[in-house]
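# A closer look at the structure
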Protein chains: 2
Amino acid sequence: MDRKNFSRPLSLRSVQITDDFWKKEMELVRTQMLPYQWDALNDQVEGAVPSYCMRNFKIAGKKNLERRERGETFREPSYTFRGFEALPQDPRHPEDKFYGFVFQDSDFYKWIEAVGYSLTQHRDQELEKTADHAIDMVCAAQQEDGYLDTYYILNGKDKIFTNLKDHHELYCLGHLIEGAVAYYQATGKDKLLKAAMRYADYTAEHFGPEEGKCKGYPGHEIAEMALVRLFEATGEEKYLNLGKFFVDERGRRPYYFDKEHPEGVKDQPGGLRYAYNQAHIPVREQEEAVGHAVRAVYLYSGMTDIARLTQDESLYKACEKLWDNMVDRKMYITGGIGGTQIGEAFSFNYDLPNDTAYAETCAAIGLVFFARRMLEMKPDSRYGDVMERALYNCILSGMALDGKSFFYVNPLEVNPEACHKDERKAHVKPVRQKWFGCSCCPPNLARLLSSLSAYAFTETEDTLFVHLYMGSIVKKQVNGKEVTISISSGLPHSGKVAIEVRGESVPFTIALRIPDWCREEAEGEKAQTGFTLKGVQDGACVMRDGYLYVTKSWNPGEPMTLEFAMDVKILQADPRVREDIGRVAVARGPVVYCLEEADNGADLHLLTVDCSAGTRTEVYTVAGEPVTSVVADGFRQKLPSFGKGLYHSLKAAVKEPVKLRFIPYYVWANRGENEMTVWVRQEK
Amino acid sequence: MDRKNFSRPLSLRSVQITDDFWKKEMELVRTQMLPYQWDALNDQVEGAVPSYCMRNFKIAGKKNLERRERGETFREPSYTFRGFEALPQDPRHPEDKFYGFVFQDSDFYKWIEAVGYSLTQHRDQELEKTADHAIDMVCAAQQEDGYLDTYYILNGKDKIFTNLKDHHELYCLGHLIEGAVAYYQATGKDKLLKAAMRYADYTAEHFGPEEGKCKGYPGHEIAEMALVRLFEATGEEKYLNLGKFFVDERGRRPYYFDKEHPEGVKDQPGGLRYAYNQAHIPVREQEEAVGHAVRAVYLYSGMTDIARLTQDESLYKACEKLWDNMVDRKMYITGGIGGTQIGEAFSFNYDLPNDTAYAETCAAIGLVFFARRMLEMKPDSRYGDVMERALYNCILSGMALDGKSFFYVNPLEVNPEACHKDERKAHVKPVRQKWFGCSCCPPNLARLLSSLSAYAFTETEDTLFVHLYMGSIVKKQVNGKEVTISISSGLPHSGKVAIEVRGESVPFTIALRIPDWCREEAEGEKAQTGFTLKGVQDGACVMRDGYLYVTKSWNPGEPMTLEFAMDVKILQADPRVREDIGRVAVARGPVVYCLEEADNGADLHLLTVDCSAGTRTEVYTVAGEPVTSVVADGFRQKLPSFGKGLYHSLKAAVKEPVKLRFIPYYVWANRGENEMTVWVRQEK
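About the cut-offs
- Residues numbered from 1 in each chain as written.
- Chains lettered and ligands numbered in written order.
- Predicted model: local features only at pLDDT ≥ 70, side-chain atom pairs only at ≥ 80, totals over all residues.
- Heavy atoms only, no water.
- Pairing = 2+ DSSP bridges.
- Helix = DSSP H or I, 4+ residues; strand = E, 2+ residues; numbered from the N terminus.
- Axes fitted to C-alpha atoms, helices over the stretch in contact; angles between N-to-C directions.
- Least-squares fit on C-alpha atoms with pLDDT ≥ 70 in both.
- Contact = heavy atoms within 4.5 Å.
- Domains from an automatic or database assignment.
- Buried area = accessible area lost by both parts, 1.4 Å probe.
- Salt bridge = Lys/Arg side-chain N within 4 Å of Asp/Glu carboxyl O.
- Polar contact = N/O pair within 3.5 Å; in protein donor to acceptor, adjacent residues only side chain to side chain.
- Nonpolar A, V, L, I, M, F, W, Y, C, P; charged D, E, K, R; others polar.
- Buried < 20%, exposed > 50% of the residue type's maximum accessible area, 1.4 Å probe, protein only.
- Lys, Arg positive; Asp, Glu negative; His and termini not counted.
- Core = buried A, V, L, I, M, F, W, Y, C linked by side-chain atoms within 4.5 Å.
- Disulfide = S-S within 2.5 Å.
- Expected span 1.5 Å × (residues − 1).

## Observations concerning the sheet that holds strand 6 (residues 481-489) of chain B
Residues and elements named next belong to chain B.
- In spatial order, the strands read 1-5-6-7-12-9; together these six strands make up an open sheet with antiparallel pairing. Every other strand in the sheet has two partners, leaving strand 1 (15-17) and strand 9 (531-534) as the edge strands with one partner each. Taking the axes of each pair of neighbouring strands and ignoring which way they run, one obtains an average angle of 15° across the sheet.
- Sheet topology note: the strand 9/strand 12 (residues 560-564) ladder contains four bridges and is antiparallel. Bridge pairing links T532 to E563 in strand 12.

## Observations concerning the relation of the copies chain B and chain A
- The two copies are related by a screw operation: chain B maps onto chain A through 180° of rotation and 0.1 Å of translation along the axis, at an RMSD of 0.1 Å. Classification of the inter-copy transformation places it as that of a two-fold axis.
- A symmetric contact is evident, with 100% of the interface residues of chain B recurring at the interface of chain A.

## What to know about the environment of B:L119
- Assignment of secondary structure puts B:L119 in helix 3 (residues 105-121).
- Discounting chain neighbours no more than four positions away, the residues touching B:L119 are B:D124, B:L127, B:E128, B:Y183 and B:T187.

## Looking at the domain arrangement of chain A
Residues and elements named next belong to chain A.
- If you check the domain split of chain A, you get domain 1 (461-564) and domain 2 (568-683).
- For domain 1 and domain 2, the distance between their C-alpha centres works out to 36 Å.
- Contact residues are listed per partner, giving eight residues for domain 1 and nine residues for domain 2.
- Overall, the association of domain 1 and domain 2 removes approximately 620 Å² of surface from exposure, summing both partners, and the carbon and sulfur fraction of that is 50%.

## Topic: the interface of chain B and chain A
- Counting residues at the interface gives 70 residues for chain B and 70 residues for chain A.
- Summed over both partners, the interface of chain B with chain A buries about 6000 Å², with 52% contributed by carbon and sulfur atoms.
- Where A:R578 meets B:E675, a salt bridge forms, and the shortest distance between an N and an O atom there is 3.0 Å.
- Scanning the region where chain B abuts chain A turns up 30 residue pairs in polar contact (both at pLDDT 80 or more).
- The greatest single-element share of the side of chain B that touches chain A, amounting to five residues, is contributed by strand 13 (residues 568-573) of chain B.
- For the side of chain B that touches chain A, the class distribution of residues is 27 nonpolar, 17 polar and 26 charged.
- When strand 20 (residues 647-649) of chain A meets strand 13 of chain B, the two strands line up antiparallel, connected through three bridges. Opposite A:Y647, over in strand 13 of chain B, you have B:A573 as the bridge partner.

## Side note on the sheet that holds strand 7 (residues 481-489) of chain A
Residue and element names in this part refer to chain A.
- Taking strand neighbours across the sheet as the criterion, the six strands line up as 2-6-7-8-13-10 in an open arrangement whose pairing is antiparallel. The sheet is open, and its two borders are formed by strand 2 (15-17) and strand 10 (531-534), each paired with just one other strand. Neighbour-to-neighbour, the strand axes of the sheet open up by a mean angle of 15°, direction not taken into account.

## Side note on the side chain of A:D124
All names here are of chain A.
- Note on placement: D124 falls in the loop between helix 3 (105-121) and helix 4 (125-140).
- At 2.9 Å, the side chain of D124 and the side chain of R30 are in polar contact.
- Apart from the residues within four sequence positions on either side, D124 is in contact with R30 and L119.

## Focus: the side chain of A:R636
Residue and element names in this part refer to chain A.
- Relative to the assigned elements, R636 resides in strand 19 (residues 625-637).
- E656 provides the closest opposite charge to the buried, unpaired R636, separated from it by 5.0 Å.
- Polar side-chain contacts of R636 include one of 2.8 Å to the backbone oxygen of N600.
- Other than its neighbours up to four places away in sequence, R636 contacts N600, G601, A602, D603, L606, L607, V654, K655, E656 and V658.

## Some points on the nonpolar core
- A:F108 and A:W111 are the most contacted members of the largest nonpolar core, which totals 232 residues.
- Counting residues per element, this core draws most heavily on helix 13 (residues 361-377) of chain A, at 12 residues.
- Leaving out residues up to four positions away in the same chain, A:F108 has contacts with A:W38, A:L41, A:C53, A:M54, A:F57, A:A134, A:I135 and A:V138.
- Grouped together as the second largest cluster of nonpolar side chains are 228 residues, B:C319, B:A357, B:M377 and B:L396 included.

## Considerations on the state of the cysteines
- Within this structure, the stated rule accounts for zero disulfides over all chains.
- You can see B:C441 has no disulfide; the closest cysteine sulfur is in B:C362, sitting 3.3 Å from it.

## Describing helix 4 of chain A
Residue and element names in this part refer to chain A.
- Under the 1.5 Å per step criterion, the end-to-end length of helix 4 is 23 Å for 16 residues, consistent within 8% with the ideal 22 Å.
- Burial in helix 4 covers these residues: L127, E128, A131, A134, I135, D136, M137, V138, C139 and A140.
- Looking at the buried side of helix 4, the elements it contacts are helix 1 (20-41), helix 2 (53-69), helix 3, helix 6 (169-187) and helix 7 (191-206).
- Put simply, D124 is the residue that caps the front of helix 4, since its side-chain oxygen is 3.2 Å from the backbone nitrogen of E126.

Shown next as structure tokens:
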């Protein structure tokens, strides 16, 4: 751990994403998801389960107003009520009380975070106006003492912080902070930031190592990394200290959760107990990624942040071990994590079932958070590789091509009949859903996709790290001078990247991740690079931990070009992954492929791929989206004309040669309900 | 359907099983299971979940006694209380009330049924004394009006027959009848039979097509076939009529269960609703085997009985369709049925997962019941083949070699780590359990194994059908003369069978099932027989529907010998069974084989079998049991020395040749916890 090597993301305002592929996703977020989600937050989507999110804020604000009118007023006029619409008449729920999940507030916070990010890329006036207005509504709900969680405001403040294990108050605080900082950094407007600080202050009064303070910690993590972010935005050490306190206290014995629940704790799904919350042992002793996968990666992200800021070697070591365990034992080839729906959790090592996978979109997003933070600590391409894998596969799969429907669960094998008829697979949806009662994934997608540049790039004083390749214009300060780095990328279709620096000629370093997918794995020797670099002298380049450091004076008009090999690869899983034995997957560049019934007919299990025959790529269109498809030789086993009965003497299978068409996993399920598989049986 | 061809089982008292293999199982039942189960029924097994079964009868009897002492007396002195032991002091449950499952009474009934059967083979005085005494206790609990279900006797008789869907009263009636008839037929003692008739009379007063009578039917079937049996034992038509009424009424709209539960019915597991109970549509319209597998085969058995006795063509057709669906789409190679633990139910067609199988022992036993009844209607070897398959595999697997521990669930693939760590497989136990809270399987095993001759043989006036080969001495009436047929069998070790008739020379027919496993399946032509017959003239033999009918005057000292080919077979599943694609199973004779970790090392998924290399059999000992093992050539994929990460470019797998040792499935899990698989990957 070497502090001077730590890199940090650039301000989103310093980076404009111009990439063909990703800009389209970001525009989907801005033009489709954010308006849709705003409607959803306001229960305005016909046929969808009501969110109640904004309604809860409004009712809490209304009650504040009533208290003010009764003279039990707020002291700070800046937080007074500034008006909100009349509450919609809801015949189902006519009362002025809280509805929805205990964590319903967080849906707004994720939305406002995404709005903030989006405004850095496109200052959409209408959207900003809506957001400002929404912030007014939310702030109107804040209590005089700073407390802000509508569940307890409306259900009784005497119960505040009495059920940290299950009730997500600190989770909502975390998301409030994330949203507030994002909106402040995007717009300079600090109203929500101040509200977040006041709630964080209130929380810091309640929790801490000092005698008499509560020794609890969040049941669902996120506050840890959010408090770090608040510290970094405000310079207030107490926020960092509170985050660190939560991390340090977690999993200590006697368990805080036992104390909180003297009535006894009902076991968590899967018999996980506090492992579900990663609170079974102190975090520095944790070596295996366990429990609810989203909570896990949120925690690990916070741990990494705190390790960076406090130079905490033991904490960092724990992060490394957890990373390795997760990536080397518990991650799907798509970057999905969470092998079981029971507890939405990690399963045991190497247990990665394809057809009952959980692989929640949010968990893959959390994995990206964790990866970026590991990269900040140490630029090693294996973190960037995983980040890219999750992004192009499990995460993109979470959203339909039109941005209007979403997967929670991202399975690697789907037989729709089984999803409908087999309750064991009921969590696996063969088609994306419009919106969810528990709607964590769509807003999480919105906030990630709107802030991609925070993952694509980090910087130190003299180095720009390029972790992900996407067309961008990056402004960076080098020795007090601003340089503009213009990047273009053909990904995911081609491996061509061009980088040009504009402005004054200044010497600095651009460090380029050399992706794992362009390297050939060779027995016994170091990996070989699979890229061509032009426009740079050899002497300017150093390769370290998978990054190519190019140091020189960058002159305008002297572009550097990189071309990564984008060969189609036939991949196998570690044979300890029982579900994948005898099967192969196809990938090209960062993209994992799959077979879909629409292209290959039903009964995908009857297909085998001839791995010796070579493959070719072919431009193809899936639901209007041009993709690079992969065509491979294979066979389809014919259904034999057995007599009655299921079991017969072995005969040579009758197989007909077929062309298999693989499409990117991220475009599957855009052509109606049908079968899909990532892992295909290997024809010997 | 031709009534004159209907065959019936012989009285158990006419058949003595002398078979080496099966007699040992029967002796295990007599010497181990029945005493153990009696202790269990009396809560005398240390460390086991108490049954409360006999305790409930005793408490009900005690309350009867108290009523008699208060002058609210019984009229019939033959049912008066004759004494029972003092109730054991149970500090956990000190009160005189009902404990256990609603169907707890049935455990005794299954036990007494097994005792009855066992006494026909070995008149164990001690056991009979215990049984007589137990019958006294049970009869003492019967109400003056004939009602006999301790759950309602102890919880309030006003609720009798108000929850047919869930409360198993008619199920208990069914088991009472089965036990009572069995004990009567074995011993001639009719005390329990009379009690059963009185309860059946009470029930027939309540239910029926007549106006004013209840139109309900059992939530858990068995009464249907039991009432037929009571009719056949007593000649009382009303019992047949009641059974037929239950069958006819089932699944009619408006649903009786809806009427019974005006508060609304909670959905059954797996969204099955009344399909769980096979009550979703009228039985004659049912074509797919659905819902709880045990209930299903009990119903189908009753339907077949009633079709036979009432010459009901449409009912028989439904039985045939249900049989075909089950056997051709939903049966494991072991004869197990029930692809999902959710609802302990059939899954959809071809969904036969190996590692999450339910394949309950009781369901395979019920399949044997159904098969025997189909054979009675029409001697076709495909029924006998399935009966034999279930018996030698799924059913025998249900019991440890020492008869002291039991499987409920009989999976075809077990990885103990997954059973312990993955809640989705929590129902799959890697080792047999001592006894169960819901202890249906062990007593069901006991009653089946003690009455094997009822499945091995049926007869018409002039024909003895041999459905299963086991050493036996069978006495049969032919034209008013008793002939004794002596059968010896080498199964499951060899295919040698010898049959000799003693006594006077009388002409009659012996019809011998030619098993599917000795026939070669040949493309396009009729199956070839794979057996050698000696001691009979060709002219005496006719082959029909898989049975060889040998008609002649059987002279003493002229044995007929049969030898069935017992080649090792490599089998494949219909490719529509996704879980088995690319895999093969090994069988020899009626026995399905498996690989167990104890013989082949861990990580069985890394093994492949070379199907081209031939196999050899080898005598082998598993936990003291001599078996015919099968040795095959195969390979073990080595774990590659990958670097970090789970996914790598495909390389030729490094495999070492190994000898695979297959053991009979029925002896697996007798050497501690370890991996097992029936289906093994095929090496091309």
